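Breakdown of the fold
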Amino acid sequence: MFVVATAGHVDHGKSTLVRALTGMEPDRWAEERRRGMTIDLGFAWTTLPSGGTVAFVDVPGHERFVPNMLAGVGPVPAALIVVAADEGWMPQSAEHLAALDALGVAYGLLAVTRADLADPGPATARALAEIAATSLGAVPSVAVSGLTGAGLPELRTALDHLAARVPAAVVDDPVRLWVDRSFTVRGSGTVVTGTLGGGRLRVGDELEVAGADEPVRVRGLHSLGEARPEVTAVARVAVNLRGTPRDRLGRGDALLTPGRFHRIDLVDVRLTGDPAADLPATLTLHVGSAAVPVRVRPLGTDTVRLRLARPLPLLVGDRALLRDPGRHHVSGGVRVLDVAPPPLARRGAAAARAQVLTELDGRPDLAGELRRRRLVRAGALTRMGVPVHTAPVAGDWLADPVHWQRLGEQVTEEVARYARDHPLEPGMPVDALRQRLALPERALVEALVRPPLRIHAGRVGTASVDALPEPVARAVRRVRAEYGDRPFRAPEADRLVDLGLGPREIGTAVRAGALLRLTDNVVLLPDALDGAVRVLAGLPQPFTLSAARQALDTTRRVAVPLLELLDRRGATRRLPDDARIVVT
Ligand SMILES: Nc1nc2c(ncn2[C@@H]2O[C@H](COP(=O)(O)OP(=O)(O)OP(=O)(O)O)[C@@H](O)[C@H]2O)c(=O)[nH]1
Ligand SMILES: [Mg+2]
């Protein structure tokens, strides 16, 4: 479905045009019909020549009802701008266009109405020039008369062409349905309506309501006046909610896919368009169908921090606009840069922040977020609107690679320092290390501990023989004593038996990092690998098995599996003629 919002000055013929195109009455209220004026949003739809459906959100043109207009256009990606041939460009023509520009609406069409009353030429030329200077750019125009029906076939064709240009919605996106209307249907309960811009809704879905703790459940869905089991974006949709009192939901609320949005009351944004230098300290932020008072704190030349009077489900990249309700003035567009900005406590923090914001453009940027946040949960990023496509370092924690490496180095330093300060303790308690590194979770410490460090009994230390069961520890100490000065000699099978090192004991020692197992009954001390590489690197390259065996002062029984292990670890490489080289 193609959804388009009208825009234009009061009485220029928006509703008449929608009525003529759809045969439906967009002015729903008796008062609107009595006064001949749209007050609130109207909804109507029809089939286009291509067979596709267009749904209109018809907005009021009167200056008093601009907030209603903004609630209608907020979630809609395309606009039908209406200018009367006999009146031409007027104040709300300009204010509505400024709103569309601030929201970054890029798809539009100009209809010059009341063409039976005056030559549409001058109004068309002026309007096209005004529109060309905005996010809409060059748009097609059609002269029409809602009275005689002249130009309507051309307008339908133009709507079809526009519909074909609007990018398709992402159906896998989370749902954020901005409510533009809520009412009660006898026997069914609360119904809310909105423009579904992305994602999919199904009967039975559980959804969150921004600002409420309890989830709501979808009891029924309607689109284009018909009940449906499922509605996919883009669509006008009416959602019947189970067991939800009507006063819980109204315009400006949003129905959300659970767990996919934060409630944001502090955002750093870029002002788009031509921001006034002296922005008032309080303004109204319009986003989706919501309008919320905000306090404005200037940061850089075109960046500000907004404190919202009520939290909203915002994402990085969202477009919104700031309006001064007192002065009837769209103060500018807003692009959300950061929905979880750091506090500005220190002196100079605002200037530093402004500098950071110059590098942001509102496009979600995973690498940049990681660089700035260093360590962050994947879910937190997703809820900011930043897609996550890298693996976590532990649990659902993501880390900036440089920061993570630095943390790894700090682990080594801290553990060494602790060992110096506490020579009698078998390693540094994991939690003490966690606190030293200011890490939020133990799992992160565990992921940072690499050989030769290891965690044993809640402490981080180098593999310690003392931590082994006493008989195994005694055996390992004897191996050290006997083989320490000829590290590539392995105890023969019968010697292992003498030492009390059966398969179980060897397994225990290997797991603790106190022995290195080459084959079932060939074991070395754990530092033998590094030592072997050093010796082999001193040989003329490439070297043969026999040269290696002699240099290591060992037997084939050890040399063959030792070299194979080094091959597997990538420390040596075996050449086609069975000679090897040390990989540097
Ligand atoms: N002659 C003529 N009259 C028109 C045409 N379109 C609208 N009108 C008249 O202009 C008046 C205003 O039309 P509406 O359609 O209510 O205008 P609107 O833009 O919806 O006004 P708001 O919703 O209040 O902003 C009505 O009296 C219409 O009958 C047209 O093409 N030709
Ligand atoms: Mg109207």
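Residues numbered from 1 in each chain as written. Chains lettered and ligands numbered in written order. Predicted model: local features only at pLDDT ≥ 70, side-chain atom pairs only at ≥ 80, totals over all residues. Heavy atoms only, no water.

With that out of the way, let us pick up the overall build of the protein. Regarding its fold elements, the protein presents 18 helices and 30 strands. Relative to the compact-globule value of 25 Å for 584 residues, the protein shows a C-alpha radius of gyration of 35 Å, a clear excess of over 25%. Considered along the principal axes of its C-alpha atoms, the protein spans approximately 110 × 55 × 50 Å. Burial analysis of the protein (584 residues in total) assigns 48% to the buried set. Carbon and sulfur atoms provide 51% of the accessible area of the protein, an area that totals close to 27,000 Å². A gap of 4 Å separates the mean positions of the 74 positive and 67 negative side-chain charges of the protein. (Helix = DSSP H or I, 4+ residues; strand = E, 2+ residues; numbered from the N terminus. Rg over C-alpha atoms; globule rule 2.2 N^0.38 Å. Buried < 20%, exposed > 50% of the residue type's maximum accessible area, 1.4 Å probe, protein only. Areas by Shrake-Rupley, 256 points an atom, 1.4 Å probe, with all protein chains shown as cover. Lys, Arg positive; Asp, Glu negative; His and termini not counted. Charge placed at Lys NZ, Arg CZ, Asp CG, Glu CD.)

Before going further, it helps to examine the packing of helix H16 (residues 528-537) against helix H17 (residues 545-552). Direction vectors running N to C along H16 and H17 enclose 115°, while the axes themselves pass 10 Å from each other. Our pair here, H16 against H17, has a crossing hand that is right-handed. Contacts between H16 and H17 involve Ala532, Val535 and Leu536 from the former and Ala548, Ala551 and Leu552 from the latter. Partitioning the contact of H16 with H17 into residue classes produces 6 nonpolar, no polar and no charged. (Axes fitted to C-alpha atoms, helices over the stretch in contact; angles between N-to-C directions. Left-handed = near helix turned anticlockwise from the far one by under 90°. Contact = heavy atoms within 4.5 Å. Nonpolar A, V, L, I, M, F, W, Y, C, P; charged D, E, K, R; others polar.)

As a further point, take the coordination of the magnesium ion (ligand 2). Binding of the magnesium ion (ligand 2) to the protein goes through Ser15 (OG) and Thr38 (OG1), at separations of 1.9 to 2.0 Å. Of this pair, Ser15 sits in helix H1 (residues 14-22) while Thr38 is found in the loop between helix H2 (30-35) and strand S2 (42-47), placing the two residues 23 residues apart along the sequence. Neither Ser15 nor Thr38 differs from the other in exposure class; each is buried. (Donors = N, O, S within 2.8 Å, 3.2 Å for Na, K, Ca; no water.)

Our next topic: the environment of Ala132. Position of Ala132 among the secondary structure elements: in helix H5 (residues 120-132). In this structure Ala132 comes out as partly exposed when scored by relative accessible area, which is 45%. For the pair Ala132 and Asp396, spaced 264 residues apart in the sequence, the C-alpha separation amounts to 47 Å.

This part covers the site of ligand 1. The local shell around ligand 1 holds 19 residues, among which Thr16, Thr38, Gly61, Arg114 and Gly146 are the closest. Ser15 is positioned with one of its backbone polar atoms (N or O) 2.8 Å from an oxygen atom of ligand 1. Surface burial for ligand 1 is 82%, taken as the share of its 650 Å² of free accessible area covered by protein chains. Looking at the shell around ligand 1, its residues break down into 5 nonpolar, 10 polar and 4 charged. (Near = heavy atom within 4 Å. Polar contact = N/O pair within 3.5 Å; in protein donor to acceptor, adjacent residues only side chain to side chain.)

Interaxial distance between H1 and helix H6 (residues 152-165) falls to 11 Å at its minimum, and their mutual angle equals 85°. Of the possible angle classes, the one that applies to H1 and H6 is roughly perpendicular. The segment H1 lies against H6, with Leu17, Ala20 and Leu21 engaging Leu152, Leu155, Arg156 and Leu159. Broken down by class, the residue content of the contact of H1 with H6 amounts to 6 nonpolar, no polar and 1 charged. (Parallel < 35°, antiparallel > 145°, perpendicular 65-115°, else oblique.)

In spatial order, the strands read S2-S3-S1-S4-S5-S6; together these 6 strands make up an open sheet with mixed pairing. Two strands close off the open sheet at either side, each with one partner strand: S2 and strand S6 (141-143). Going across the sheet, the axis of each strand differs from the next one's by a mean of 25°, ignoring polarity. Here 7 bridges tie strand S4 (residues 78-84) to strand S5 (residues 107-113), and the two strands are oriented parallel to one another. Across the sheet, the residue bridging to Ile81 is Leu110, located in S5. (Pairing = 2+ DSSP bridges.)

Turning next to the sheet that holds strand S21 (residues 329-338). Spatially, the 6 strands close up into a barrel ordered S16-S19-S18-S17-S20-S21, and their pairing is antiparallel. Across the sheet, the mean angle from the axis of one strand to that of its neighbour is 45°, orientation sign disregarded. As judged from the 6 bridges shared by strand S20 (residues 319-324) and S21, these two strands associate in the antiparallel manner. For Leu321, the partnering residue across the bridge sits in S21 and is Gly333. In this fold helix H3 (residues 66-73) packs onto strand S17 (282-287) and S20, with an angle of close to 175° to the strand it touches most, S20. Where helix H7 (residues 349-358) meets the sheet, it contacts strand S16 (264-272), strand S18 (290-298), strand S19 (303-312) and S21, and its direction lies at approximately 60° from that of S16.

For Asp400, the position within the fold is in the loop between strand S23 (397-399) and helix H10 (401-421). Lacking a salt bridge, the buried Asp400 has Arg406 as its closest oppositely charged neighbour, with an N-O distance of 5.8 Å. Excluding anything up to four places from it in sequence, Asp400 contacts Leu370, Arg371 and Arg374. (Salt bridge = Lys/Arg side-chain N within 4 Å of Asp/Glu carboxyl O.)

All right, on to the nonpolar core then. Side chains that are nonpolar tend, in soluble globular proteins, to be buried together. By size, the foremost hydrophobic cluster in this structure holds 38 residues, and its most contacted members are Val267, Leu306, Leu308 and Leu322. Once residues within four sequence positions are removed from consideration, Leu306 is found in contact with Asp265, Leu266, Val267, Val269, Leu285, Val294, Arg295, Val296 and Leu322. Val3, Ala99, Leu103 and Ile131 belong to the second-largest nonpolar core, a separate cluster that totals 35 residues. (Core = buried A, V, L, I, M, F, W, Y, C linked by side-chain atoms within 4.5 Å.)

With 2 bridges connecting them, strand S10 (residues 206-209) and strand S11 (residues 216-223) associate as antiparallel partners. Counted as the bridge partner of Leu207 is Val216 from S11. Where S11 meets strand S14 (residues 235-242), 5 bridges bridge the pair, whose relative direction is antiparallel. Residue His222 lies in a different strand from S14, and its bridge partner there is Ala238.

Note that every value here comes from positions in space, so none of it alone points to a role or purpose.
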